[in-house]
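# Examining the three-dimensional arrangement
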Amino acid sequence: MRKILVANRGEIALRIMRTIRKMGIRSVAVFSEADRHSPHVRFADEAVYLGAPPSNQSYLNGDKIIGICKELGVDGIHPGYGFLSENAEFAQNVEDAGITFIGPNPEAMRIMGSKLAAKESVKKYNVPMVPGIDTAITDVELAKEIGAKIGYPILIKASAGGGGKGMRVVEAPEFMEESMARAISEATSSFGDGSVFIEKYVTSPRHIEVQIIADKHGNVIHGFERECSIQRRHQKVVEESPSAVITPELRKQIGEAAVLVAKSCNYTSMGTVEFLMDDKLNFYFLEMNTRLQVEHPVTEMITGLDLVELQIRIARGEKLDLSQDDLKINGHAIELRVYAEDPFTNFTPSIGTLTRYEKPEGDGVRCDDGYEEGMSIPIYYDPMIAKLIVHAPTRIEAIQKMIKAIKDYKIEGVVTTMPFGVFVMEHVAFISGMFDTHFVKNYYTPEKIKDKQRSNAEAAALVALKYWQDKQKILAPVNHKTTSWKRRLAH
Amino acid sequence: MPAGIFKVKANEFEFQFNQKDIDGADVIKTGEGEFNIIRNGRSVNIQLLEVDATGKNLKVEVEGEFYTMLIRDELDQTLDTLGFNNVSTKQIKEIKAPMPGLVLEVSVEVGQELVEGDRVLILEAMKMENSICIHANAKIKNILVKKGQPVDKNQVLIELE
């Protein structure tokens, strides 16, 4: 492979291109009108304009991207995450055009891309699953019947969904109609497929996922678990590896279950098997994400692997030169997703210009970003600014390192999830490891961050007053009668 | 030295101190424009980024966050009360966009009477659909946006009677 096009934007485009360059391969960037100034455009060896800012006119335009590849002699496409990454039809079109799709084979994507097909595929392998229906529905009355049968709360999920989109928790029958309507509409606009299904909502669940690495020669290994329970709006904010509650035996079990899921669909490339884990540490298969995950860096930090490099090598048809026993967990890694979101107004997007932007540095500190000072956050895409990742010998040291790294990360102009990150790192539930996906609902109120800010502001106010008074003393040191004179002279 | 009460605004916060508070504060200088204060047992590092000529407008950094400060001594406070008095008590009856986004659907019509909790429109932001509901009973006076229109944060969407 001599030239790879990265069909994505922002931090992930940049992160993939770094590995491409390291491997001595040329990179091609694509960009929308909103991203002309993005670092990924400048980093690439070649860059091609795609179209207007909305994704469906730019980053989702698969045919145009394939056309660019043919024109520029590109032999591989890396889709990153989001956009076209889990679109089996696109992957098929890429392969049909004689270009290598750096991701799973289209058939595995098709199976795992539909949650119902995925359940069907995994069934015969004895992997535990959450109670629910296994056919897609759109009928509200039928949904209410099923809800009554499996018991509220229930969860409506888009069959083609991901990232919390097209997902609604329904606490009682009277909310079913509105929730179904919104879930179906979101699913239709985000994935072009409005089918949803219903399952029991596991209370107090943890979200644990396992990294899968599978080559085209039938070798499947796992890169251990990632704990992703700290979420807001069903989307992850903090991820870590290893999980604080998983014992070596449980790790072996869940890892083997994940490998079985991958094998059930003849999976190839990087992938992630997601599980729900209840408070008794029973785990249930949730879905498989057929892409490189946002949070893949925590796995890279503890295993020392470059997952993008592996992905490219696998796509080239190389055989894995790693066995399960070769992989060892080294230390602990935590990631914070730094979103342009206001943690004081229920994490609503906070769009603006990065008037000040300084990244943290240091041993074991990694910051994957796609922005620079002076850039603004476009409204058209996911509002993630960066991923801040730390690595330390132990979990408690990693937590301390994260707090330090957040303090060293200077962002002005937009409100970010960083104060929330500090809140999580300092919270006793997080430190103890005893938390679930309801962390935000159970413990978080913006007032707790505000209180700390108020106390910091108060301390700073006293320092400012003292500084001001000292400055005045220098201007008017001796005699009160001459004070105003001297002050006037000084100005 | 001006006596009495000192007011300090720091972003959205406002504090009052007297001379005793200032004199009693345990502040040390740790470097050029760098200070450490111990307050209620907490040790806080403060970095002074900008100061204007009066010394009353400052910008500081505390634990990675930034605060814009304004000091008001007694004289300033007197001037404040003489000059710009409260103009912010005006009640506005309108619905504003809580976030930037795209209007996906306008669910109401001019003249429609709404009860608390009714949905007025759907706003799509970052691929999430958000139902914007009304928090009181009201009648629609004017609809300022239409389907498919992008809106900014705090843009007025609907005026109420």
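Remember, it's a predicted structure, so these values are computed and weren't measured experimentally. Throughout this document, residue positions are counted from 1 along each chain, in the order its sequence is written. Chain A is the first chain written and ligand 1 is the first ligand written, with later ones labelled in order. With the structure being a predicted model, the display of local features is reserved for residues of pLDDT at least 70 and the display and counting of side-chain atom pairs for 80 or more, all residues being used for whole-chain, interface and lining totals. Neither water nor hydrogens contribute to the side-chain values; these are computed over all heavy atoms in the structure.

### A look at helix α5 (residues 106-113) of chain A
Of all the positions in α5(A), only A:P106, A:A108, A:M109, A:I111 and A:M112 are classed as buried. On its buried face, α5(A) is in contact with α4 (88-96), β5 (100-101), α6 (115-123), α9 (248-264) and β13 (283-289) of chain A. Throughout this description, buried means an accessible area under 20% of the type-specific maximum (1.4 Å probe, protein chains only), exposed means over 50%, and partly exposed covers the range between. Secondary structure elements are defined from DSSP: runs of H or I of at least 4 residues count as helices, runs of E of at least 2 residues count as strands, and each element is numbered from the N terminus. Any pair of residues with heavy atoms lying within 4.5 Å of one another is described as a contacting pair.

### A short note on the confidence of the model for chain A
Per-residue pLDDT for chain A averages 92, and the proportion of residues at 70 or more is 96%. Residue-level confidence of the predictor is summarised by pLDDT, bounded by 0 at the bottom and 100 at the top. Here residues 477-491 of chain A is modelled with pLDDT under 50, and outside its nearest four sequence neighbours on either side it reaches six contacts, counting other chains as well.

### A closer look at the environment of A:L276
Residue and element names in this part refer to chain A. If you trace the backbone, L276 turns up in strand β12 (residues 269-277). Residue L276 is classed as buried on the basis of its relative accessible area, which comes to 11%. Those residues in contact with L276 that lie beyond four places of it in its chain are V130, V202, P205, R206, N282, F283, Y284 and L286.

### Brief notes about the side chain of A:E227
All names here are of chain A. Residue position: E227 is located in strand β10 (residues 220-232). The exposure class assigned to E227 is buried, which follows from its relative accessible area of 1%. Polar contacts here mean pairs of N or O atoms no more than 3.5 Å apart (in protein, one a potential hydrogen donor and the other a potential acceptor; neighbouring residues in sequence count only if both atoms are side-chain atoms). Here S229 takes part through its side chain, which lies 2.3 Å from a polar atom of the side chain of E227. A distance of 3.4 Å separates a polar atom in the side chain of E227 from a polar atom in the side chain of S243. Excluding residues that lie within four positions of it along the chain, E227 makes contacts with R206, H207, I208, V238, E239, E240, S243 and F435.

### Topic: the nonpolar core
Counting 41 residues, the largest nonpolar core has A:I385, A:Y409 and A:F420 as its most contacted members. Counting residues per element, the ones that place at least two in this core are β11 (235-241), β14 (332-339), β19 (384-392), α12 (395-408), α13 (418-426), α14 (428-432) and α15 (439-443) of chain A. Beyond its immediate chain neighbours, meaning those up to four positions away, A:Y409 contacts A:V338, A:Y357, A:E358, A:K359, A:P360, A:C367, A:D369, A:I385, A:A386, A:L388, A:M418 and B:G64. A:I221, A:V294, A:L307 and A:I312 belong to the second largest nonpolar core, which has 34 residues in total. Nonpolar cores were defined as sets of buried Ala, Val, Leu, Ile, Met, Phe, Trp, Tyr and Cys residues, with membership established by side-chain atoms within 4.5 Å.

### A short note on the interface of chain B and chain A
Many analyses report the size of an interface as the accessible area lost when the parts associate. Contacts between chain B and chain A engage 55 residues on the former and 51 residues on the latter. Note on definitions: salt bridges are taken to be side-chain nitrogens of Lys or Arg within 4 Å of carboxyl oxygens of Asp or Glu. Along the contact surface separating chain B from chain A lie eight salt bridges. Between A:R356 and B:E61 there is a salt bridge, with its nearest N and O atoms 3.7 Å apart. For the pair chain B and chain A, the number of links is 13 residue pairs in polar contact (both at pLDDT 80 or more). Top element by residues in the side of chain B that touches chain A is strand β5 (residues 42-51) of chain B. It accounts for six residues.

### Re the pairing of strand β7 (residues 65-72) of chain B
Residue and element names in this part refer to chain B. Pairing between two strands is assigned when DSSP locates at least 2 bridges connecting them. Two elements, strand β1 (residues 5-10) and β7, share four bridges in a ladder whose sense is antiparallel. Bridge assignment links A10 to a residue of β7, and that residue is M69. Where strand β6 (residues 57-62) and β7 come together, six bridges link them in antiparallel fashion. The residue of β7 that forms the bridge with V60 is Y67. Connecting β6 to the antiparallel partner β7 that follows it, the hairpin turn spans two residues, and E63 within it adopts a positive phi of roughly 45 degrees.

### Things to note about the state of the cysteines
Residues and elements named next belong to chain A. By disulfide we mean two sulfur atoms from cysteines, separated by a distance within 2.5 Å. Applying the stated criterion to the full structure yields zero disulfides over all chains. Its sulfur unpaired, C228 is 19 Å from the next cysteine sulfur, which belongs to C367. For C228, a relative accessible area of 0% translates into the label buried. The thiol of C265 is unpaired, and the distance to the nearest cysteine sulfur, on C228, comes to 20 Å.

### Side note on the sheet that holds β14(A)
All names here are of chain A. Spatially, β13-β12-β9-β10-β11-β14-β19-β18 is the arrangement adopted by the eight strands of the open sheet, whose pairing is antiparallel. Lying at the two open borders of the sheet, with one neighbouring strand each, are β13 and β18 (365-369). Averaged over neighbouring strand pairs, the angle between their axes works out to 25 degrees when direction is ignored. Examined bridge by bridge, strand β9 (residues 206-214) and β12 share nine bridges and lie antiparallel to one another. Of the residues in β12, the one forming a bridge with Q211 is T272. The strands that helix α10 (residues 296-303) touches are β9, β10, β11, β14, β18 and β19; relative to β19, the one it contacts most, it runs at about 20 degrees. Helix axes are fitted to C-alpha atoms over the stretch in contact, other axes to C-alpha atoms as well, and angles between N-to-C directions run from 0 to 180 degrees.

### Thoughts on the confidence of the model for chain B
All names here are of chain B. Residues with a pLDDT of 70 or more make up 90% of chain B, whose mean pLDDT is 85. Note on residues 84-92: pLDDT is under 50 here. Beyond four places in sequence and across chains, it has zero contacts. Here the predicted complex carries an ipTM of 0.71, next to a pTM of 0.80.

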